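Structural description and commentary
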Amino acid sequence: MPRSKARCLIALLSASLAVASCGEDGSNGNPVSSTQVSTPRLLREGSFFLAAPDEDFYYYDLVPVTDAASGRWEAAVDWALASNELWMWVATGACTTQQFESPECPFEVSCPCQFAVRSEAATPKPRVLTIPNAQGGTRTLIVLNLGPREDNVTYRVTLTPSTLLGSPPRSVSDDRSHARVSTGRKAVLRR
């Protein structure tokens, strides 16, 4: 008797699962999902050249990125020469070359560029900087070349919205007509 009850229970569960997987719309047997999955949206991408450091300066670029939506903000950065060490930061708001070149930046609390995320390491290559719950607004990606050689850098900034509001703003590629990429030089870094 217990075996027959187990068989009946298995048959009943199998039938329930088969009916549940049909969906409400009668379509091809695929379940209907009520959740929407947000996909990353391209905010900005491009490339720039960074000179090799010399006796007096390290060279860097600042890339401003603005978007009104909130969500997971990511900047993927890659460069040509694995032998080079690149450091990068993402500042909350607009960070200018004059601000970043101040003696307090990037290590002191009094640095006028307030960093949301930073990577001051030789690896990994490529590198991804992530702000999980970023509010809408402007951020500045900063990439500095510690060398030993000049390098070509590519970047791609995406946002995975936390809510879907209206139509997404269009992506901006780095044709330098929308928001200027600023190149600067930083005196020797002090920790």
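Residues numbered from 1 in each chain as written. Predicted model: local features only at pLDDT ≥ 70, side-chain atom pairs only at ≥ 80, totals over all residues. Heavy atoms only, no water.

1. Focus: the overall build of the chain
Secondary structure assignment for the chain yields 2 helices and 10 strands. Its helices and strands taken in sequence order, the chain reads α-β-β-β-β-α-β-β-β-β-β-β from the N to the C terminus. Of the contacts made within the chain by residues no fewer than 6 positions apart, 82% connect residues no fewer than 24 positions apart. Carbon and sulfur atoms form 55% of the exposed surface of the chain, whose accessible area is close to 11,400 Å². (Helix = DSSP H or I, 4+ residues; strand = E, 2+ residues; numbered from the N terminus. Contact = heavy atoms within 4.5 Å. Areas by Shrake-Rupley, 256 points an atom, 1.4 Å probe, with all protein chains shown as cover.)

2. Section: the packing of aromatic side chains
Per the stated rule, a full pass over the model turns up 6 aromatic pairs. Taken together, the ring pairs connect Y60, W87, W89, F100, F107 and F115 into an aromatic cluster. One residue, K125, lies across the ring of W79, its end atom 5.5 Å from the ring centre. (Phe/Tyr/Trp six-rings, centres within 6.5 Å; stacked < 30°, edge-to-face > 60°. Lys NZ or Arg CZ within 6 Å of the ring centre and 35° of its normal.)

3. Some remarks on the state of the cysteines
In a disulfide, the sulfur atoms of two cysteines are covalently bonded to one another. Applying the stated rule across the entire model yields 2 disulfides. One disulfide in the model links C95 with C113; its S-S distance is 1.8 Å. Across the S-S bond linking C95 and C113, the dihedral sits near 60°, which makes this disulfide right-handed. Of the two residues, C95 sits in the loop between β4 (86–92) and α2 (97–100) while C113 sits in the loop between α2 and β5 (115–119), which places them 18 residues apart along the sequence. By relative accessible area, C113 is classed as buried at 3%. Here C105 pairs with C111 through a disulfide, and the sulfurs are 1.9 Å apart. Across the disulfide from C105 to C111, rotation about the S-S bond amounts to roughly 85°, and the bridge is consequently right-handed. Taken individually, C105 and C111 each receive the classification buried, so the pair is uniform in this respect. Going through the chain in sequence order and numbering each bonded cysteine, the pairs you get are 1-4, 2-3. (Disulfide = S-S within 2.5 Å. Buried < 20%, exposed > 50% of the residue type's maximum accessible area, 1.4 Å probe, protein only.)

4. What to know about the side chain of T158
Tracing the backbone through its elements, the reader meets T158 in strand β8 (residues 151–161). The contact partners of T158, leaving out residues within four places of it in the chain, are P40, R41, L42, L43, R72, W73 and E74.

5. Let's talk about the pattern of salt bridges
Side chains bearing opposite charge may pair, as long as their charged atoms lie close to each other. Scanning all chains against the criterion turns up 6 salt bridges. Salt-bridge contacts for R72 lead to E74; the nearest nitrogen and oxygen are separated by 2.9 Å. On the basis of relative accessibility, which here comes to 38%, the residue R72 falls in the partly exposed class. Between K125 and D78 there is a salt bridge, with its nearest N and O atoms 2.7 Å apart. Placement of K125 in the loop between β5 and β6 (127–134) and of D78 in strand β3 (residues 71–79) is noted, with a sequence separation of 47 residues between them. Take K125: its relative accessible area is 33%, and that puts it in the partly exposed class. (Salt bridge = Lys/Arg side-chain N within 4 Å of Asp/Glu carboxyl O.)

6. With respect to the environment of L50
Position of L50 relative to the elements: it lies in strand β1 (residues 41–50). Measuring from C-alpha to C-alpha, the distance between L50 and N152 comes to 6.3 Å, with 102 residues separating the pair along the chain. When neighbours within four sequence positions are excluded, L50 is seen to be in contact with Y59, Y60, D61, L86, V143, L144, N145, E150, D151 and V153.

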